[in-house]
Amino acid sequence: MRLRYRPFQAVAIATLAALITACAAFAPLYDRAMRQALTDISIARTPASVAGLQMTGTTQLGGFTFATHNDTDPPTPEVVAAKLPEDLRDAYADPVLGYSALVISEPGRSSDPRGQLIWRAGQCEHVTMVEGSCPDATGEIAISEADVENFGLGVGDTVRVAGIPRDLARRTVVPSVPLVVTGIYEQQRDDYWFGLNLTGLSGAVDSTPPPHVQHDIWLTERGTFDSSEVPPLPSQASTVGYPLDPAAVGVDDVLALGSEIEHLKDDARRDPANGVSVEVYSGLPDIADEIREQTEQSRVTVPLLMAQLGLLAVVVLWLVLLAVTEQRRPEVALARLRGRGRQGARRLLLGELLPVTLAGVVPGVLLAVGGVALARTSVLPGEAPFELGVPLLAAVGLAAAVLTAVTVLAVLRVSREPVETLLRRVPPRPAGFALGVAEALVIAGAGSVVVLFATGGLDGPIALAAPGLLAIVVGMVLAHLTTPTAAIAGRRMLRNGKVRAGVSFLDAARSPATRRIVAIVTLASALAVFSADALLVGDRNRASASEQGAGAALVVDVVGPDLAAVRTALTEVDPDGERVTPVVRLVPPGKDASGTLAVVPSQFQHVALFPGGAPDPALWERIAVPDAQPIELTGSSLAVDIDDATLRSERLDGEPHPVQLGLEVVNERGETLQVLLGELDGPADHTHVEVPVGCREGCYVTGVWLRTLPGATIDGSATFRNLVGLSDTGTEPVALGPAYLWAGLDDPVDGTVSPSSEDPEQLTIEVHGEGASQLTMSQVWLPGTVPALVAGELPPGSDDNGFSLVNIDGEVSDAARVATLERVPASPPDTAVVNLDLVERGSAITSSAVIELWFAEDDEALLAEVTEALDRQGVDVSGTTTLAGVRQEYDESTAAWSLQLAALIGAAALVIALLVLVVSAASSWRFRTRDLAALRMSGVPSRSIGAMAVAAQLPAVVVGVVAGAVAGLVGAHLALPIVPLFAEAPEVSTLDLGTAWVGVVVATVGALVVLGLGSVLIGRALARRSDIRRLRETL
Amino acid sequence: MTTQASRQASRQASTHGTRVSTRRLVHIYRSEGHEVAALSGVDLDVAPGEMIGLLGPSGAGKSTLLSLLAGVFKPSAGKVHVGGIELSAATPRQLDEMRAKDVALMLQGASRNLLPYYTPYENVRFAQGAARKAGKDLPEPEEVLAGVGLDVDAHTPLATLTPGHRQLAALAVAMASRPGLLLADEPTSQLDHAARDRVLASIADANRELGTTVVIVTHDPDVAAFLPRTVTIRDGRVGGEGRSGEEYAVVTPDGFLPLPLHVREDLLPGTLVRFHRTEDDAEGSYVLIAEENVDE
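How each quantity is defined
- Residues numbered from 1 in each chain as written.
- Chains lettered and ligands numbered in written order.
- Predicted model: local features only at pLDDT ≥ 70, side-chain atom pairs only at ≥ 80, totals over all residues.
- Helix = DSSP H or I, 4+ residues; strand = E, 2+ residues; numbered from the N terminus.
- Rg over C-alpha atoms; globule rule 2.2 N^0.38 Å.
- Buried ≥ 20, exposed ≤ 12 C-beta atoms within 10 Å, placed from the backbone.
- Contact = placed C-beta atoms within 7 Å.
- Core = buried A, V, L, I, M, F, W, Y, C linked by C-beta atoms within 7 Å.
- Domains from an automatic or database assignment.
- Expected span 1.5 Å × (residues − 1).
- Pairing = 2+ DSSP bridges.
- Axes fitted to C-alpha atoms, helices over the stretch in contact; angles between N-to-C directions.
- Nonpolar A, V, L, I, M, F, W, Y, C, P; charged D, E, K, R; others polar.
- Left-handed = near helix turned anticlockwise from the far one by under 90°.

Q: Can you walk me through the overall build of chain A in this structure?
A: Tallying secondary structure elements over chain A gives 28 helices and 34 strands in all. Taken over the C-alpha trace, chain A has a radius of gyration of 42 Å; the compact-globule value for 1035 residues is 31 Å, which it surpasses by more than 25%. Considering only C-alpha atoms, chain A reaches an extent of 130 × 85 × 50 Å along its principal axes. Split into buried and exposed, the 1035 residues of chain A put 48% on the buried side. Long-range contacts, defined as pairs at least 24 residues apart, comprise 81% of the intrachain contacts of chain A with a sequence gap of at least 6.

Structure, rendered in structure tokens:
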């Protein structure tokens, strides 16, 4: 009956109670769901070979393993498999048992291939037999197609490999094991193989002493390993692979498994009883550590975020219950007058309100479950089962306890009032600015915490509470300032004849709801603004970090150092380099060494991603290729005249010594060749030289050099004329001059070589050498000092802007920092960017360099086109990285999910504030409509009454939203530096905590629209109900 | 409980009206920093089963006196005896028990006496709760409502009742616990004549049939005329009494004699008055002789 009389209030109270319960229940559910999602994606991202458990068993007696010719067989795979404790096996699928050994083809020369021989249970189902059949008998093997090609083996052939004598003391002859090829296989790439590549080694030379050629892995039948007819093989071991069963492994299992596998590694290593040693490998402990690390973040952030919303809802419920119980004061007075006493009054109120409040618990739990279910499908990845555990029950119990406590406290407040006070229509209330003790304590407490944040006294995820606490302080102080201010303003307006506005302001000042509205709207708006800002700042930073991490929309790694082939392929597909560009990366070992990124600047600046803004295009000009032409020479030999030579070399003892004179040329493969032209014993007017040179496909003349005995000086000059390349097809003259094509050498230790002559057909050099080392004068086309754009610090020992970097040939080159970059995409700090076209001159790319292709778009069609072009050039693609993939990794973290939760909280806070407006109106509508009816009776037009009804609440809402927006902004400024935006901070920081103004404006406008519109609609509804009949006594 | 048993319970519950007396009753309000004396020494005796009206201009202190009699306020000074309880010294428990069983306060305005979401029946039952708990044998709500002629509307929502019926419902609620003292503040205000008469008749019935002592605050001369005894409160004091249509001045405990209003018009401030005892009455009577001011 009572519910029917005030159904709206009951719905509002139950809704708030449901929200509080939902907040409490959501935290453990969402936290759990996040951890499950994290577990799912961590396992899904991890290759089966890493996530699973692999065991290798050997027998080890007296410190020697079977591999060292101990004649004891290794434990069977079944024995090794049994090492995994029973209680851990549920997490894994059935094990894959196997054996492995090293086989050395006889007679064991370096040209006789050696490699692994394995058996795995069920192996025949995971290879495709190209020819013949899968081995099914002892001594039978299957080999790869590459082995057929490289070693001339075929089906039916027998390979003899070395076994191990069982009794070393009696048998000195190594037993020979015949292996018959029954089939040729092609590996099916699947998780069965635990990442083992059966092929790819055939023909490759293993330089491990003694150097030998390798074959691919051979497959055989189990009997080859454990039959007594076959002698043991070297390095024989049992292998067991336990594939992880993701469906059977929850988050708790992973954490527990991680620890137990660590124990197993230690325990299984040695079995002193029979010498069995089992090596255990699994990446699961690392996955568990990652999950544990991330969940440490979520364990704090999620409850903290939900606690803020829950706290807001509790405060609102408290205020609503105060309003509701205040409205029931006449009823309480009646109960008291009918002799029911305080207890009876309490029972009267609790009998009505507590069931309503507790009625919100079940919908709250359902709301939380529904919310988490939605989050699981729309936000969180993975398909882990929904779990409702003990934490949920505890949270619901806590929510119920809080709801009961809040209701009882609100009821107590009214039921304790003396009857004389209860009988008054309007309860006595302090006028002007008055702060209760409790409010003062809350303001002081919250203010102190905010000050601690601002001064850096507090750290960690608790910073998420800063905006809420700040808003509490601002909201409460503002609420207490608003009513006296409104009263003063209202009176002044009345004096000035602005009756409508004056009455509205006085109405607002008189209403106890005004303070509540200001305080709650401030808090809700602050949370909304902070949430929007935090969400967008987090999103922006993850986007920046992804761009920095990926470097481009799509990055492809290619196999091998054949840059020329790669560039040829790219030219075919994208001649202008607008869509894809080559990048060569050199990462030298050592902590202090600078990495080098060789790029084509004109392409790279358009293709690469530069979070925070691309550098000034003018910067790229500073590493442009010098405007110099190379001196090209083609032929199998060259001829040149050395005229007017006055070169003399004098040893330390004063005796003359011949001077060696030569040219430095670079062939088409980038190899630098030192071509000795001849020795000059002393001054000579004319010397004709003709020497062989490996430049059939063309070379560049990159230097002129002179050398003598160490310590001997060189002085004098010489002129080179008539340089020609000689080949079967004829001669080709080469212009060595004029002098400006050459960069003179001026070294204080070694000496000087200066070019002169204006004639392009000849080159004259003036030489003074101290004999410390060879004197080389370089052609200007060849980079001397490499100009570089550098991010971060120069390496230690650098001189001003001069430093050393690793060039694409793997050698250290002199470099000069010509400009600074904030960051180099997809590169660690302290990376130097150089011009690939420049450093490629005269250099062969080192095998340690990594060639990458950077794509402007993540375009699969283009990728396929490029892959085909590369394939035609004999270049394989080894892997791809996409911007979307990197972004996904950042997005799929507890830090990102927590911030998404913050947005939900901001929206929920606005809904709660709207509820406050509605409840305030619902709990006082009879009085307010009566007041408005009185105005109507006095002749105030309906339109004015409508405006006054709206104006009584709207200014408080606007003040609250504006104050909340400011508090949210300041709170974000305090909190965001401490809020974790990433699971793990990126190596190169792109952190930008600048305010996301779009989010702030949207949230503020959203709050204004939602709450302002709500306030207007409520005001109009009240005005519509303010019929003159309201003046009559109503029930 | 059968109707007969209920009626028997009704009679048992109402065998005695409650005696009321106040002595030198003073009550001071504090309003906006100022002290205002609402009552300045009121002596009043109401016999058990008596029905009186408190009259007087607005602000004279009638409602305050009623609230003091109901134990809502504690007097600033003086004594209030209601039944056997001296209210200024009563504990909250005693006051609760008194309100539960012996004293009913009927506030001005029917709605203030009724829980809006209950029917008349439920309101009566609610009002009887504390008394029943205290062991008082009470009639069923239907009988209580029948006593005021509202048995037909016992289960009608309050909002649909006429103002007169609502006031009757409020009276039924006040009488639900068969109190010894009914304190009614303006019970007939805002009612038309028919409804007023019906309410007054119901109060009179309760007074007559149940022996309930009744104190009614009213402005209405018609209501005052209906009551056998009226006490006029003026300036916080008992300013006069009316008995059976005759109006009397009442000498205060400190010897003052407030003049009736119509006498005041004749005896201007400063008028010298002499009392003369007549000899022709064996019990002795006083004649008031006004003389002109000696200063004039």
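Q: Sorry if this is basic, but what is going on with the environment of P228 of chain B here?
A: All names here are of chain B. Position of P228 relative to the elements: it lies in the loop between α8 (221–226) and β9 (229–234). For P228, a count of 14 C-beta atoms within 10 Å translates into the label partly exposed. Between the C-alpha atom of P228 and that of L95, which follows or precedes it by 133 residues, the distance is 29 Å. Once residues within four sequence positions are removed from consideration, P228 is found in contact with M51 and S244.

Q: Where do I start with the nonpolar core in this structure?
A: If you look at the biggest cluster of nonpolar residues, it comprises 310 residues, and the most contacted ones within it are V316 of chain A together with A172 and L183 of chain B. Counting residues per element, this core draws most heavily on helix α25 (residues 894–937) of chain A, at 23 residues. Setting aside residues up to four positions removed in sequence, V316 of chain A forms contacts with L16, I520, I912, L915 and V916 of chain A. Listed in part, the 40 residues of the second largest apolar core include V659, L661, L677 and V693 of chain A.

Q: How should the domain arrangement of chain B be read in this particular structure?
A: Under the domain assignment used here, chain B contains domain 1 (4–234) and domain 2 (259–296). Each of domain 1 of chain B and domain 2 of chain B has a C-alpha centre, and the two are 39 Å apart.

Q: Looking at this structure, how should I read helix α7 (residues 193–210) of chain B?
A: A turn of α-helix holds 3.6 residues, and therefore any two residues three or four places apart point the same way. Residue and element names in this part refer to chain B. Taking 1.5 Å of rise per residue, the 18 residues of α7 would be expected to cover 26 Å, and the 25 Å separating its terminal C-alpha atoms lies within 8% of that figure. Residues of α7 that are buried: R196, R198, V199, L200, S202, I203, A206, N207 and L210. Contacts made by the buried residues of α7 are with β3 (51–55), α6 (163–174), β7 (181–185), β8 (213–217) and α8. G211 sits one or two positions beyond α7 and adopts a positive phi of about 75°.

Q: Explanation requested: the sheet that holds β7 of chain B in the structure shown.
A: All names here are of chain B. Read across the sheet, seven strands follow the order β6-β7-β8-β3-β9-β10-β11 without closing on themselves; strand pairing throughout is mixed. The sheet is open, and its two borders are formed by β6 (103–106) and β11 (246–248), each paired with just one other strand. Averaged over all adjacent pairs, the angle separating strand axes in this sheet is 20°, with direction ignored. Across six bridges, the pairing between β9 and strand β10 (residues 237–243) is antiparallel. Opposite R229, over in β10, you have R243 as the bridge partner.

Q: Help me understand the sheet that holds strand β31 (residues 812–821) of chain A in this model?
A: Two orientations exist for strands paired in a sheet by backbone hydrogen bonds: parallel and antiparallel. Residue and element names in this part refer to chain A. Strand order in the open sheet formed by nine strands is β30-β31-β29-β32-β16-β15-β33-β14-β34, with mixed pairing between adjacent strands. Among the strands making up the open sheet, the edge pair consists of β30 (802–806) and β34 (877–882). Averaged over all pairs of adjacent strands, the angle between their axes in this sheet comes to 35°, without regard to strand direction. Across six bridges, the pairing between strand β29 (residues 786–791) and β31 is parallel.

Q: I would appreciate a short explanation of the interface of chain B and chain A in the present structure.
A: Much of the literature gives interface size as the accessible area that the parts lose upon coming together. Tallying the contact residues gives 22 residues for chain B and 17 residues for chain A. Among the secondary structure elements, those contributing two or more residues to the side of chain B that touches chain A are α3 (92–101) and α4 (120–133) of chain B. Looking at the side of chain B that touches chain A, the element that brings in the most residues is α3 of chain B, giving five residues. A breakdown of the residues in the side of chain B that touches chain A according to their chemical character gives 13 nonpolar, four polar and five charged.

Q: Looking at this structure, I do not really get the pairing of strand β12 (residues 272–278) of chain B. What am I missing?
A: Within a regular beta strand, the side chains point alternately toward one face of the sheet and then the other, so they alternate between its two faces. Residues and elements named next belong to chain B. Buried residues are scarce in β12, accounting for zero of its seven residues. Of the pairings in the sheet, the one linking β12 to strand β13 (residues 285–291) comprises seven bridges and is antiparallel in character. Across the sheet, residue T278 finds its bridge partner in β13, namely S285.

Q: Looking at this structure, I do not really get the packing of helix α2 (residues 7–45) of chain A against helix α12 (residues 361–378) of chain A. What am I missing?
A: When two helices pack together, their arrangement is given by the angle between the helix axes and by the axis-to-axis distance. All names here are of chain A. Where α2 meets α12, the closest approach of the two axes is 7 Å, and the angle between their N-to-C directions is 35°. Like other packed secondary-structure pairs, α2 and α12 cross with a definite hand, here right-handed. Taking contact as the criterion, the partners of A17, A18, L19, I20, T21, A22, A25, F26, L29, Y30 and A33 in α2 are, on α12, V361, P363, G364, V365, L367, A368, V369, G371, V372, A375 and R376. A class-by-class count of the residues in the contact of α2 with α12 yields 18 nonpolar, three polar and one charged.

Q: I'm lost on the environment of V449 of chain A in this one. Help?
A: Secondary-structure assignment places V449 of chain A in helix α15 (residues 437–454). Sequence-wise, V449 of chain A and A479 of chain A are 30 residues apart; in three dimensions their C-alpha atoms are separated by 20 Å.

Q: Honestly, helix α10 (residues 329–337) of chain A in this entry has me stumped. Any pointers?
A: Burial analysis of α10 of chain A places nine of its nine residues in the buried class, the great majority of the element. Positive backbone phi, approximately 80°, marks G339 of chain A, located one or two places after α10 of chain A.

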